[in-house]
Amino acid sequence: MLSSSLSRNVTAAGQPLEAVAYWAKDEVHRLIATPMVATPQETTFPELRPGIKAPAKETILTPRFYTTDFAAMAAMDIRANEEELRAILQEFRADYNRHHFVRDEEFNRSWDHIDGETRRLFIEFLERSCTAEFSGFLLYKELSRKLKDKNPVLAECFALMSRDEARHAGFLNKAMADFGLSLDLGFLTSHRSYTFFAPKFIFYATYLSEKIGYWRYITIYRHLEKHPEHRIYPIFKFFENWCQDENRHGDFFDAILRANPQFLNDWRARLWCRFFLLSVFATMYLNDQQRAKFYAAIGLDARSYDLEVIRKTNWTAGRVFPVILNVDHPQFEALMDACAAHHLQIVRIGEGAGPLWWKRLRQLPHALAIVWYLVRLYLMRPVDMEAQRGTVY
């Protein structure tokens, strides 16, 4: 299938945007709808030892582990917004979800009826979520330790956020165990590669990660509240309170950015804000379109869900970022769809037969097409939020 359609798919990058949009949506639906040959790999994963799943291979789209310049973080001056940060610290201390993450009797049953590809995709969803939460725990815990004697307000905030992230990761890991697998989080700690980000990039990335996490969880929760017949597993009923942890964490990073206006008020900040917005949105979109059947299993259309989350996260970011993406631009959805279609082709080629060098060669035009479309998305004129401050809608 791939070899017969490769030439028409690759050349789409050079077509007028209207043709690209039509091709991309058709290609995404075609690839998602293509029945996959049933294999044992659909429901089994490599294991480190019995019951312990080997971590997913690290790629540009998998959750990352971060480190930073701890000395620069400790020396940060927060006096410009210290009152708000202390108020957020009081909220963290209140620990509203102290008794929320308690498994009830609904978990105490067999989940073997969730099988085949749906089971595989659900385990992947739990693993990615657990890894992302655990990544936050490691970063926040190390920050709390490094800042303890030099910036006690920030240190305690990070310590309490690490508490929340550990709670989330543990809850997700227990959910994985219901499907016969779990992660060795200690192994992850010592074997994952760590990406260094300067403090301001940590703030951009974690702010958006927390806020998009909020919108992802609350959107799923509200959908399943209206359609309980699609709640295939009880973890989803925890998402309403859970997402408030994400929201409070995002508010903390919002306050940090406001305390350091140098991260927001020059031309470089505008470029970086656009870069991180696009990076976060594109990562989510490509991941979710690849796993659209998981969202279909809970009654959601992955594309519509992602676009709703993108719009809400983008607008939320506009409360602190000087610019946001113009997600209502007539070309935005078409270019995102084109990226997703080419990414699905890369995935299918990688899963197919043939020597690695031949797969890489066939994947290269699709990777270049994605880069080209992302550049076009980045270069779209952004929405200037500074010009809209104080506007009443």
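Small disclaimer: the values here were computed from a predicted structure and weren't measured.

Asks: Would you explain the overall build of the chain in this entry?
Replies: Scanning the chain for helices and strands turns up 14 helices and 6 strands. The buried share of the chain, taken over its 393 residues, is 52%. When contacts within the chain are restricted to residue pairs at least 6 apart in sequence, long-range pairs at least 24 apart make up 84% of them. For the chain, the exposed area adds up to about 18,200 Å²; of that, 56% sits on carbon and sulfur atoms.

Asks: When you look at helix 10 (residues 267–290) in this model, what are you seeing that I'm missing?
Replies: Since one α-helical turn is 3.6 residues long, residues separated by three or four positions face the same way. Its 24 residues give helix 10 an end-to-end C-alpha distance of 35 Å, which sits within 8% of 34 Å, the value for a rise of 1.5 Å per residue. The opening residue of helix 10, the one whose side-chain oxygen lies 3.2 Å from the backbone nitrogen of Arg268, is Asp266.

Asks: Help me out: how do you make sense of unusual backbone geometry in this one?
Replies: Phi is mostly negative for residues that are not glycine, and the peptide bonds are mostly trans. One non-glycine residue with positive phi stands out, namely Asp95, at about 50 degrees. Tracing the backbone shows Asp95 in the loop between helix 4 (82–94) and helix 5 (116–147). Taking the relative accessible area as the measure of exposure, Asp95 reaches 8% and is therefore buried.

Asks: Is there a simple way to explain the packing of helix 4 against helix 9 (residues 239–259) in this structure?
Replies: Helices that pack against each other are described as a pair by the angle of their axes relative to one another and the distance between those axes. Packing of helix 4 against helix 9 brings their axes to within 10 Å, and their N-to-C directions diverge by 165 degrees. Overall, the two elements helix 4 and helix 9 adopt an arrangement that is roughly antiparallel. Seen from above, helix 4 lies across helix 9 with left-handed handedness. Counting all contacts with helix 4, which are made through Glu84, Leu85, Ile88, Glu91 and Phe92, the residues of helix 9 involved are Arg248, His249, Asp251, Phe252, Ala255, Ile256 and Arg258.

Asks: For this particular structure, what's the right way to read helix 13 (residues 332–351)?
Replies: In this model, helix 13 (20 residues) spans 29 Å end to end at C-alpha, consistent with the 28 Å of a helix rising 1.5 Å per residue. Burial analysis of helix 13 places 17 of its 20 residues in the buried class, which makes it a mostly covered element.

Asks: Help me understand the packing of aromatic side chains in this model?
Replies: Working definition: an aromatic ring pair is given by the centre-to-centre distance plus the angle between the planes. Using the criterion set out here, one finds 47 aromatic pairs in the structure. Summarising the aromatic geometry, the rings of Tyr204 and Phe321 are spaced 6.0 Å apart at their centres and angled 85 degrees between planes, so their arrangement reads as edge-to-face. Taken as a pair, Tyr204 in helix 8 (residues 199–226) and Phe321 in the loop between helix 12 (302–317) and strand 5 (323–324) lie far apart in primary sequence, 117 residues in all. When sorted by exposure, Tyr204 lands in the same class as Phe321, which is buried. A ring pair is formed by Phe252 and Phe253, whose centres lie 5.1 Å apart and whose planes are at 70 degrees; its orientation type is edge-to-face. For the pair Phe252 and Phe253, a shared accessibility class is recorded, and that class is buried. The ring of Phe65 is capped by Arg192, whose NZ or CZ atom sits 5.0 Å from the centre of that ring. Taking NZ or CZ as reference, Arg274 lies 4.8 Å from the ring centre of Tyr378, over its face.

Asks: Explanation requested: a nonpolar patch on the surface in the structure shown.
Replies: A cluster of nonpolar side chains, contributed by Val371, Trp372, Val375 and Leu379, occupies part of the molecular surface with about 390 Å² of accessible area. For Val375, the location among the structural elements is in helix 14 (residues 356–379). In this structure Val375 comes out as partly exposed when scored by relative accessible area, which is 37%.

Asks: It is not clear to me how the pattern of salt bridges should be interpreted in this structure. Could you clarify?
Replies: Proximity of charged atoms lets side chains of opposite charge pair with each other. Tallied over the entire structure, the rule returns 32 salt bridges. Across the pair Arg93 and Glu156 runs a salt bridge, and its minimum N-O distance is 2.8 Å. Taken together, the residues span a long stretch of sequence, with Arg93 in helix 4 and Glu156 in helix 6 (residues 152–177) at a distance of 63 residues. Taking the relative accessible area as the measure of exposure, Arg93 reaches 39% and is therefore partly exposed. You can call Glu156 partly exposed: its relative accessible area is 28%. Salt bridges linked by common partners bring Asp95, Arg98, Arg163, Asp164 and Arg167 together as one network.

Asks: Any chance you could explain the environment of Ile370 here in plain terms?
Replies: Among the structural elements, Ile370 can be located in helix 14. You can call Ile370 buried: its relative accessible area is 9%. Sequence spacing of Ile370 and Ala338 is 32 residues, and the spatial spacing of their C-alpha atoms is 7.5 Å. Apart from the residues lying within four places of it in its own chain, the contact partners of Ile370 are Cys339, His342, His343 and Ile346.

Asks: What exactly am I supposed to notice about the side chain of Thr313 here?
Replies: Among the structural elements, Thr313 can be located in helix 12. If sequence neighbours within four positions are ignored, Thr313 has contacts with Lys211, Ile212, Trp215 and Phe281.

Asks: Mind showing me how you'd approach the nonpolar core here?
Replies: Core analysis: the largest hydrophobic core is formed by 115 residues, its most contacted members being Ile235, Phe236, Phe252 and Phe321. Considering every element that reaches this core, the biggest residue donor is helix 8, with 15 residues. Not counting the four nearest positions on each side in its chain, Phe236 is found in contact with Phe122, Phe125, Ile220, Tyr221, Leu224, Arg231, Phe294 and Ile298.

How each quantity is defined
Residues numbered from 1 in each chain as written. Predicted model: local features only at pLDDT ≥ 70, side-chain atom pairs only at ≥ 80, totals over all residues. Heavy atoms only, no water. Helix = DSSP H or I, 4+ residues; strand = E, 2+ residues; numbered from the N terminus. Buried < 20%, exposed > 50% of the residue type's maximum accessible area, 1.4 Å probe, protein only. Contact = heavy atoms within 4.5 Å. Areas by Shrake-Rupley, 256 points an atom, 1.4 Å probe, with all protein chains shown as cover. Expected span 1.5 Å × (residues − 1). Polar contact = N/O pair within 3.5 Å; in protein donor to acceptor, adjacent residues only side chain to side chain. Axes fitted to C-alpha atoms, helices over the stretch in contact; angles between N-to-C directions. Parallel < 35°, antiparallel > 145°, perpendicular 65-115°, else oblique. Left-handed = near helix turned anticlockwise from the far one by under 90°. Phe/Tyr/Trp six-rings, centres within 6.5 Å; stacked < 30°, edge-to-face > 60°. Lys NZ or Arg CZ within 6 Å of the ring centre and 35° of its normal. Patch = residues over 30% accessible without salt bridge, like charges linked within 9 Å, V, L, I, M, F, W, Y side chains within 5 Å. Salt bridge = Lys/Arg side-chain N within 4 Å of Asp/Glu carboxyl O. Core = buried A, V, L, I, M, F, W, Y, C linked by side-chain atoms within 4.5 Å.

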